[in-house]
Amino acid sequence: MEEMDKVYNPSFEKRIYEKWMRGKYFEAHVNPEKEPFTIMMPPPNITGQLHMGHALDETMQDILTRFKRMNGYEALWLPGTDHASIATEVKIIEKLKEEGLTKEEIGREEFLRRAWQWKEQYGGRIVEQLKGLGVSCDWSKEAFTMDENLSSAVKEVFVKYYKKGLIYRGSRIINWCPECKTALSDAEVEYEEQQSNLWYYKYPIKGEDDAIVIATTRPETMLGDTAVAVNPKDEKMAKYIGKTVVLPLVGREIPVVGDDYCEIGFGTGAVKITPAHDPNDFELGLRHNLPIIIVIGEDGLMNENAGKYQGLDRLAARKRIVEDLTALDLMVKIEPYAHNVGTCYRCGETVESLVSKQWFVKMKPLAEPAIKAVQTKKTEFIPQRFEKIYYNWMENIKDWCISRQLWWGHRIPAYYCDDCGEMVVSKNDVDVCPKCGGKMRQDEDVLDTWFSSALWPFSTLGYPKKTKNLSYFYPTTALVTGYDIIFFWVARMIFSGIEFMGEPPFSDVIMHGLVRDAQGRKMSKSLGNGIDPLEIVNNYGADALRFSLINGVAPGSDTRFSKEKIESCRNFVNKLWNASRFVIMNIKEDDDLTMPTRLNGADKWILTRLNDVIKEVTVNLNKYEMGMAAAKLYDFTWSEFCDWYIEMSKNALYSDNKAQHNHAVSMLVYVLTEILKLLHPFIPFVTEEIYSKYSNGRVLMVEEWPTFNKKFVFRKEEANFEGLKEIVVAIRNIRNEMNVAPSKRVNAYVIAKDEKFIASAVTYLNKLAGVGDVKFVKSKEEISERTTAVVTHDAEILIPLGELIDEKKEIERINAEIAETEAIIKKTQALLANTAFVAKAPQKLVDNEREKLEKAQDKLEKLKDKLNMFA
RNA sequence: GGAGGCUUAGCUCAGUUGGUUAGAGCACUUGCCUUACAAGCAAGGGGUCACAGGUCCGAGUCCUGUAGUCUCCACCA
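Counting starts from 1 at the beginning of each chain's written sequence and moves along it residue by residue. Chains and ligands are labelled sequentially in the order written, the chains with letters from A and the ligands with numbers from 1. Only residues with pLDDT of 70 or above have their local features reported here, since the model is predicted, and side-chain atom pairs are shown and tallied only from 80 upward, although totals for entire chains, interfaces and linings are computed over all residues. Excluding hydrogens and water, the side-chain values take into account all heavy atoms of the structure.

**Focus: the overall build of chain A**
Starting at the N terminus, helices and strands are each numbered in turn, a helix being any DSSP run of H or I of at least four residues and a strand any DSSP run of E of at least two. Within chain A, the secondary structure is distributed over 26 helices and 29 strands. For the radius of gyration, the atoms used are the C-alpha atoms, and the globule rule reads 2.2 Å times the number of residues raised to 0.38. Computed over C-alpha atoms, the radius of gyration of chain A comes to 37 Å, more than 25% over the 29 Å expected from 2.2 N^0.38 for 871 residues, which places it beyond the range of a compact globule. C-alpha atoms of chain A, sized along the principal axes, occupy 120 × 65 × 55 Å. Of the contacts made within chain A by residues no fewer than 6 positions apart, 77% connect residues no fewer than 24 positions apart. To measure how exposed things are, a 1.4 Å probe is used in the Shrake-Rupley method; for residues, cover is taken only from the protein chains shown. On chain A, roughly 39,500 Å² of surface is accessible, and the fraction owed to carbon and sulfur atoms is 49%. Contacts are residue-level and defined by heavy atoms, with any inter-residue pair within 4.5 Å sufficient.

**As for the protein's contact with RNA strand B**
Taken together, 63 residues are adjacent to RNA strand B, and Glu263, Phe266, Asn280, Arg570 and Lys840 come closest. Whether a residue is near a molecule or strand depends on its heavy atoms: it is near if one of them lies within 4 Å of it. Among all atoms of RNA strand B positioned within 4 Å of the protein, those belonging to sugar or phosphate total 63%. For the purposes of these results, a polar contact is taken to be a pair of N or O atoms within 3.5 Å, where, inside protein, one atom must be able to donate a hydrogen and its partner to accept one; residues adjacent in sequence count only when each atom of the pair is a side-chain atom. Taking Ser557, its side chain carries an N or O atom lying 3.2 Å from a phosphate oxygen of RNA strand B. At a separation of 3.1 Å, a sugar or linking oxygen of RNA strand B approaches a polar side-chain atom of Arg732. A per-element tally of the surface near RNA strand B places helix α16 (residues 563–585) first, with eleven residues. Only Asp, Glu, Lys and Arg are considered charged in this grouping, and only Ala, Val, Leu, Ile, Met, Phe, Trp, Tyr, Cys and Pro are considered nonpolar; every other residue, Gly among them, is considered polar. Residues belonging to the surface near RNA strand B are distributed by class as follows: 26 nonpolar, 16 polar and 21 charged.

**Describing the pattern of salt bridges**
The rule for a salt bridge is simple: a side-chain nitrogen of Lys or Arg has to be within 4 Å of a carboxyl oxygen of Asp or Glu. If you walk through the whole model with that rule in mind, you get 54 salt bridges. Here Glu352 and Arg218 are joined by a salt bridge, their closest N and O atoms 3.0 Å apart. One end of the pair, Glu352, is in strand β14 (residues 352–361); the other, Arg218, is in the loop between β8 (211–216) and β9 (227–230), with 134 residues separating them in the sequence. As a salt-bridge pair, Arg287 and Asp259 come within 3.1 Å of each other at their nearest N and O atoms. Of the two residues, Arg287 sits in helix α6 (residues 279–288) while Asp259 sits in the loop between β11 (253–258) and β12 (270–273), which places them 28 residues apart along the sequence. Ionic contacts of the salt-bridge type, sharing partners, join the residues Arg218, Glu220, Arg314, Arg318, Glu349 and Glu352 into one network.

**Considering the packing of helix α15 (residues 542–550) against helix α20 (residues 684–692)**
Describing two packed helices takes the angle between their axes plus the distance from one axis to the other. Here, axes are lines fitted to C-alpha atoms. For helices the fit covers the stretch in contact, and angles between N-to-C directions go from 0 to 180 degrees. Between α15 and α20, the least distance of the axes is 7 Å, while the angle of their chain directions is 130°. Here α15 is positioned oblique relative to α20, judged by the angle of their axes. Residues Ala542, Asp543 and Arg546 of α15 lie in contact with α20, whose contacting residues are Pro684, Phe685 and Val686. Taken together, the residues that form the contact of α15 with α20 break down as four nonpolar, no polar and two charged. Should an angle fall under 35 degrees it is taken as roughly parallel, and over 145 as roughly antiparallel, whereas 65 to 115 is taken as roughly perpendicular and any remaining angle as oblique.

**Here's the deal with the packing of helix α19 (residues 658–679) against α20**
Between α19 and α20, the shortest axis-to-axis distance is 9 Å and the interhelical angle comes to 150°. With respect to α20, the element α19 is oriented roughly antiparallel. Of the two possible hands of crossing, α19 and α20 adopt the one that is left-handed. Across the interface between the two elements, Thr673, Leu676 and Leu679 of α19 pack against Thr687, Ile690 and Tyr691 of α20. When grouped by side-chain class, the residues that make up the contact of α19 with α20 number four nonpolar, two polar and no charged. Note on convention: near helix rotated counterclockwise from far helix by under a right angle means a left-handed crossing. Clockwise means right-handed.

**Focus on the sheet that holds strand β13 (residues 331–344)**
When DSSP finds two or more bridges between two strands, those strands count as paired. Taken in spatial order, the three strands make up an open sheet running β8-β7-β13, and their pairing is antiparallel. Edge strands, defined here as strands with exactly one partner in the open sheet, are β8 and β13. Between one strand axis and the next, the sheet turns by 20° as a mean value, whatever way the strands run. Sheet analysis places strand β7 (residues 189–204) next to β8, joined by six bridges and oriented antiparallel. From the neighbouring strand, Tyr203 faces β8, where its bridge partner is Ile212.

**Some details on the packing of aromatic side chains**
Think of it this way: a Phe, Tyr or Trp ring, Trp meaning its six-membered ring, pairs with another when their centres are within 6.5 Å, and the plane angle makes it stacked under 30 degrees, edge-to-face over 60, tilted otherwise. Applying the stated criterion across every chain, the model contains 44 aromatic pairs. Here the aromatic rings of Phe386 and Tyr483 are separated by 5.7 Å at their centres, their planes lie at 15°, and the arrangement is stacked. Placement of Phe386 in helix α9 (residues 386–395) and of Tyr483 in the loop between β22 (476–482) and α13 (486–501) is noted, with a sequence separation of 97 residues between them. Judged by relative accessible area, Phe386 falls into the buried class, the value being 5%. Working definition: with a 1.4 Å probe on protein chains only, accessible area under 20% of the residue-type maximum means buried, over 50% means exposed, and in between means partly exposed. Given the relative accessible area of 26%, Tyr483 is considered partly exposed. The interplanar angle of 80° and the centroid separation of 4.7 Å between the aromatic rings of Tyr472 and Phe473 together place this pair among those described as edge-to-face.

**Here's the deal with the pairing of strand β23 (residues 506–512)**
Of all seven residues that make up β23, six are buried, and the element is covered over most of its length. One ladder, built from three bridges, connects strand β15 (residues 380–382) with β23; its direction is parallel. For Ile382, the partnering residue across the bridge sits in β23 and is Ile510. Summarising the sheet, β22 and β23 pair through six bridges and their orientation is parallel. Bridge assignment links Leu479 to a residue of β23, and that residue is Val509. With α13 bridging β22 and its parallel neighbour β23, the resulting β-α-β unit is right-handed. The handedness rule is simple: strands pointing away from the viewer, and a clockwise path from the first strand over the helix to the second, make the crossover right-handed.

**Considering the confidence of the model for chain A**
Every residue is assigned a pLDDT by the predictor, reflecting its confidence on a scale from 0 to 100. Averaged over every residue, the pLDDT of chain A is 93; the share at 70 or more is 99%. If you check the scores for this complex, the pTM reads 0.95 and the ipTM reads 0.96.

**Examining the pairing of strand β5 (residues 167–177)**
With eight of eleven residues buried, β5 is to be regarded as a mostly interior element. Where β5 lies against β14, ten bridges are found, and the strand directions are antiparallel. Its bridge partner being in β14, Gly170 is matched across the sheet by Gln358. Where β5 meets strand β6 (residues 182–184), three bridges bridge the pair, whose relative direction is antiparallel. Across the sheet, residue Cys177 finds its bridge partner in β6, namely Thr182.

**Some thoughts on helix α1 (residues 13–23)**
When α1 is considered as a whole, its buried residues turn out to be Glu13, Ile16, Tyr17 and Trp20. In a view along the axis of α1, the buried residues occupy a sector of 100°, so they form one face of it. The outward face of α1, more than 90 degrees from its buried face, is lined by the exposed residues Lys14 and Arg22. Of the surrounding elements, those touching the buried residues of α1 are α2 (52–70), α4 (103–132), α14 (533–540), α15 and α20. After α1 finishes, the residue Lys24 shows a positive phi value of roughly 55°. Regarding the arc, it is the one traced by the directions from the helix axis to the C-beta atoms.

Written out as structure tokens, the structure is:
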């Protein structure tokens, strides 16, 4: 057998990944014999650098994919990257800026050339980073949201929506980022609280010596005011309805209107209305037929409608207007005020609301079936609580602004004729106007990046072509992603899938939380507390990283990443490594490694435990409870296989008796192999590497997942060995307390119910508890030496320790044990005295309690006897 | 304003449909270089499961309320 390093060193990971790639084990093909299992990887942005969130996301998907693959599914995990329209464009503009250039200077064509160059460079990099995590995805199907086929899917979908009347173009109030110079959807705006002021100032009433005081956080928008609103039910203010006020600084006469929107008791009871620059005002303007006057341009500067303030930045204009109003003695007061300000999710600039002509998707008709799909459980959120977030959004959804004033992305397939004004929406380029024969030009804008990601589950499989892959792998099985992306992506995939494929794109949406730093803070660039997964992979190995992200984490909840955690997982991998090393180095040339047919008690015990673990872990994984599955495997591997079974096998393993040795080693190999298979989805590299040392070229990742086998369940032996473990622990405890040197053997007298079993286990007592000779007796009277006793359910072990016994200490110890036992007796008696319990609780539970009481009473008697010996 | 999560050992967290004496890792105490592993082995200490009620034979688990804390959504000028 091959030599293994004494300490686990993950340097083999790259080699293992190449082996998998060479074997094409990741590739999935249409196979009617098998049931498909499909996961679409959430495509990372090509701007990206792999972060901990990706590491968690990919690990979960890889666990599921490998698990299902081993379970005989045709498992497809399709990877890819996202062009990330706005995010990438921002990056490229930044880079241009370093060269002293703007995108306008280099022009669209050159800009796109650079964008594609960026894609080649950084898209490739993130793919390499993913591979370092061990992802078993089918790279032969790797997709990019701007691939030719995916682009044709986008056009197809756009045209279909348009023909159905679900896409329209119109002037609406939208979110505008003055920095990125593009429209944004509602989901792309993030709100943050900012300290500002509430300015109170007067709007004089025309022809009267009176004025309405209004309050606003945005004085600069007053230039675009076209009304003042008061609540008609407001006794104090209603009298103003119908009057006209003269807009200060501007001189425009605007009406006072009555509308419920103005809340009684807030501010002054009167609101200035700027339909062009506030969504609520826009709605109110529609209700009251108010004109829309745009005063802030797309560059964030005051425009020609702003009079003398034209050209000023919004904030500068605000300052000047406040000064001017004060000079006119119209300013009443200025109060400090905290309010939420919308910011661009990409560049952080304060977002402006403004009226602009854009493309929209009509959401109501699409949202309805999407809500229903979740209600009828065609798609389930895991954990379920996330569906509430989904419903909340879908039920209150507004039309989706999909046009972006950017260059990098899918260009909107709409064509305009400047001669006659005709517009054509078409999958194919249109050069000539079908109406007047004039020249057509394509819409300058591109689509929201999420428009194409919404099609990901089917565009990657060939849509709009009716491919075999599409009909076999769609709908997909599971989507794994963070809860922060429900609106952007999950919701939009669901309605797109239903609309174009007739079925929701996946049956399970598995949500995971955020990976936070050791203090529980969100990892972020600005805080500088981000941890680079690649660095962790280099220092500890991808397996340790994967395990630390999964182990013991409850579904959907955030986790912390800490040095302690990664170290303890690395230690676990090392433990597995060394246990395997031990087993492998004890394999001899002529050993037959097939599992023995005659099993001894210890074998039966470990096989029973193994089978229970197989059953539980399989159930957990099928329910996507990866954290629990990992924890169980950790525990079984370390605390049962390593701590007990390997130790118990050593005598036979080292035996000169060839058959005995062979029995031990083949059992160890069997159990180890099952463990490697079970752990493989979690820690694929190290398990594959270990397996390769003795598998004669077989590859672990394509082995079959272990199944529960009734034939290997032996409840009696299991109970016997649990009892034996208890005895061993109790003896060790006594030795420890009595300060018996670890090397010193102690003899023991045993009074046992099942003498035969203990007799068969004497070798384990020798090995594990440092026991020398064992003598079976029927009662204490047969023993003349002074002894200390270990009392368990199954047996009483009396250990002569001679002068080592510190009587005082021993009495203390026994008294403590008596107290503990009495407490159990008291509690159990009380429970059994409760007639309602006996009548209503399951019989098995009642029996258990009775048995427990009996055992405790028995034990108490023995303990008291023992105490009497000292009295 | 609306919704949801969390509160369990010193710290970080598990705890699957209510059912033995509530678990793990780290930290801590004691003893060990025992021929797989000191990234280890053995033994041990440490918890009124936030609080108050309720349902039930039985509650960390279900219900109601309170407090603290975090997040999401909406956004009232």
